[in-house]
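Understanding the architecture of this molecule
Given next are the chains, with one letter for each unit.
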Amino acid sequence: MFSAISHDSARKHVAGSALYVDDIPEPADLLHCYFGGSELAHAKVISMDLCAVAQYPGVIRTLTAADIPGVNEISPMHKFDEPVLADKLVQFAGQPVFAVLAESRAIARQAAQLAHIEYEALPAILDIETAMERKSYVLEPHSMQRGDPQAAIQAAPRRLQGEVFTGGQDHFYLEGQVSMAVPKEDGDILILTSSQHPSEVQHLVARSLGKPINAVTVEVRRMGGAFGGKETQAAQWAIMAAVMADLTGRPVKIRLDRDDDMRSTGKRHDFLIRYDVGFDDEGRILGIGFTHALRCGISSDLSGPIADRAMFHSDNAYYLPNVSISSYRCKTNTVSNTAFRGFGGPQGMVGIERVIDAIAQQLGKDPLDVRKANLYGVDTRNITPYKMVVKDNVLPGLIAELEASSDYRARRQEIADFNRTSPIIRKGIALTPAKFGISFTTTFLNQAAALVHVYKDGSVHLNHGGTEMGQGLMIKIAQVVADEFQIDLDRVKITATNTGKVPNTSATAASSGTDMNGMAARAAARKIKKRLLKFASKKFATPPSEIRFVDNHVQAGESEISFAELAEQAWLGRISLSATGFYRTPKIYYDPQTSSGRPFLYFAYGAAVSEVEVDCLTGESRITRVDILYDAGKSLNPAIDIGQIEGGFVQGAGWLTSEEVWWDKQGQLRTHAPSTYKIPTCGDMPEVFNVRLWDKGRNREKTIHRSKAVGEPPLMLAISVHSAISQVIAGKLGGNSLPSLNTPATPEAILNCLYSNGEEA
Ligand code: MTE
Ligand code: HPA
Ligand code: MOS
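The shown structure was predicted, so the numbers you read here are calculated from the model rather than taken from an experiment.

1. What about the nonpolar core?
In this structure, Phe485, Ile628 and Phe649 are the most contacted members of the largest nonpolar core, which totals 148 residues. The element best represented in this core is helix α15 (residues 513-539), accounting for 10 residues. If we skip the residues at most four places from it in the chain, isoleucine 628 touches Leu402, Ala607, Ala608, Ile645, Phe649, Phe689, Asn690, Val691, Arg692 and Leu717. Ala86, Leu204, Trp237 and Ala241 belong to the second largest nonpolar core, which has 58 residues in total.

Shown next, in the form of structure tokens:
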């Protein structure tokens, strides 16, 4: 426990021996499925002629909405607003309208091109502004208020209004969406898929087949990255494969091509954020109003909780005494937006960090001083806009430590000196904190379960509802179980997530995988341990309090036997060596009517100092140095946690600087391949990258060994990069207003800001 052990699959990842769905040996009679997508962004389907598709050599059959035996619907929040296959109406370019089954994947893909679909085009809403004008929403607007922001803004000595647009983001997981459906006896189906939410895939597949849930088993060994993109998005493809398998009695696989994956699966929500803020001469915020308008695409998917989380994070780390936040969940004729690392939090935080930068610029202050002036207090000034008391604020100490260790003040001075004599290459530096609420805001999702077996040779089989997407969940949970029995880690077998072993699970999401499954697995292990204790106590005539599990052995007074021997003895003694464990997150509740409660068990905290260099002739930017201090509580595995921080930060930097999701005026996604969509490469890593876990970290809540979540929050530390770039531009342009630099701050956006005052060149 607490040691830096490498990922259980690290060597297999590198050697290529880690099995993903497409690597599993294919059954002999496997068929391949592909889909055909809508050509238009919004249209009535007048007719669909699939004859040429069906007659193509090697094609077995086609599938349309009418062929789905059960319910043609995939909405995860039961809003009934998104079909598996569109019927009569298409709502975005790329929306699946039919599927085809063939002898090979190549044949299926070729045949899918041969459909003749007649459309009657309808007007399409392609951006947030138009959706706002037309009041086109997927869900009702929602707002939250505390105090009297209007009065406070009016009475404040100073006032600023502005807006910032944050762009979308494609998940760009290395492994795209993929599923294999294998028919079993009596019409049962086994699905091997790449999903963060095997139970939801199971439930939706069963419903689409018109079968009970127990007819479907879903198994996920690992994903080649997910980042939220497989929280809901795997079901549609799994359903196509399952229906085809059910209709033909043969196994069926579907694996999306990269371009189709980008066109036809959801992305991060882009947001238009407006603010109106009143503050004093120190830069302290007295009153603030935020309006969030977010692109949700054609359906609600997870947009409700995502928009909520954006509202919950529009304070980030700052006390907002008088505040209102309104949120408009816009319906557009683009692919339905979905979960992406941070789940709305990053967008909410960009809003407030932008406000702080604007205030600092207005007052001519170091933005860090304005940040500090607004930070939540430890005992006072500690109530969030949703009326939760912040009891675990570690930021004042953490920021002070990072400010010193990164040499922030001296470097800021050096940078100012450098910039005075460097007209083209300019540098910038910024420190931004992150405070991120840990728990699903949908309270019932905060439950987890696990299944542990001890075999008679003392080896352990571990299973739980969490899924592995590269984040290191499996190794952490195995560490927890090995620690409980005090046996070597390699005695614990990590196994594929399977709905037949642990039922009705939640998605592995909201950074809560270790918190929840760790507790559930420990509960299961403790049940078995208790039985073993009782057994050993009898066997050695020693009170349980004198029995110790130490180093693969069990000591009972003067006697000692190996854990394996004890397991065998217990089995002979007819003791059950298998148990389930269950966990529900305590203390949380939330009332959406009054927007108040305690939606989060605790907060995760961190801060980053980023230094950038901007070429003011080309608009190109580079991250030259990053220093991060992150509170992982008592880290279960510092190697894994640091990896998560590095990866999350770089993914956030990509979102904010280079990754641009762009649709043309017809609603066709034009950035659907790595040729036009730029994720960070190894060359974009910060040149100096100092990541440290905070050594004072300890969760004040009773989480698993007092650790803290780490999966999503580091992404938000990359806001420091955007802030540093903004400051470079502000410095170059002079004056006391912040340039309107949206995200991503691509070279083009930076040049626009520098040379046309933000207007389109
Ligand atoms: N890390 C890797 N390598 N791959 C991923 O897909 N997803 C992130 C984060 N880290 C992801 C990742 C997201 S969006 C979440 S919510 C968490 O991992 C989920 O896992 P956890 O709850 O076990 O931290
Ligand atoms: N985070 C991630 N996924 C979710 C959440 C959340 O808060 N709520 C529902 N699904
Ligand atoms: Mo993560 S966006 O909660 O899957």
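Having put the structure on the table, let's press on.
2. Some thoughts on the side chain of aspartate 260
On the secondary structure map, aspartate 260 appears in helix α8 (residues 258-264). We classify aspartate 260 as buried; its relative accessible area is 16%. Excluding residues that lie within four positions of it along the chain, aspartate 260 makes contacts with Tyr34, Phe35 and Thr265.

3. Quick look at the packing of aromatic side chains
For the coordinates displayed, the defined rule picks out 14 aromatic pairs. Plain terms: the ring middles of phenylalanine 35 and tryptophan 237 are 5.0 Å apart, the flat faces sit at 55° to each other, and that makes the pair tilted. One end of the pair, phenylalanine 35, is in strand β1 (residues 31-37); the other, tryptophan 237, is in helix α7 (residues 235-248), with 202 residues separating them in the sequence. Assessed through its relative accessible area of 1%, tryptophan 237 is described here as buried. Through a chain of ring-to-ring contacts, the aromatic side chains of Phe312, Tyr386, Tyr590, Phe600, Phe603 and Tyr605 assemble into a single cluster. Stacked on the ring of phenylalanine 172, the Lys or Arg arginine 258 has its end atom at 4.4 Å from the ring centre.

4. Side note on the site of ligand 2
Lining the immediate environment of ligand 2, one finds Glu231, Pro305, Arg309, Phe343, Phe440, Thr441, Thr442, Leu445, Ala509 and Ala510. Within the side chain of glutamate 231, one N or O atom sits 2.8 Å away from a nitrogen atom of ligand 2. In the model, an oxygen atom of ligand 2 is placed 3.4 Å from a nitrogen or oxygen of the threonine 441 main chain. Contact with the protein chains removes 99% of the 260 Å² of surface that ligand 2 exposes when unbound. Looking at the shell around ligand 2, its residues break down into six nonpolar, two polar and two charged.

The rules behind the values
Residues numbered from 1 in each chain as written. Chains lettered and ligands numbered in written order. Predicted model: local features only at pLDDT ≥ 70, side-chain atom pairs only at ≥ 80, totals over all residues. Heavy atoms only, no water. Core = buried A, V, L, I, M, F, W, Y, C linked by side-chain atoms within 4.5 Å. Buried < 20%, exposed > 50% of the residue type's maximum accessible area, 1.4 Å probe, protein only. Helix = DSSP H or I, 4+ residues; strand = E, 2+ residues; numbered from the N terminus. Contact = heavy atoms within 4.5 Å. Phe/Tyr/Trp six-rings, centres within 6.5 Å; stacked < 30°, edge-to-face > 60°. Lys NZ or Arg CZ within 6 Å of the ring centre and 35° of its normal. Near = heavy atom within 4 Å. Polar contact = N/O pair within 3.5 Å; in protein donor to acceptor, adjacent residues only side chain to side chain. Areas by Shrake-Rupley, 256 points an atom, 1.4 Å probe, with all protein chains shown as cover. Nonpolar A, V, L, I, M, F, W, Y, C, P; charged D, E, K, R; others polar.

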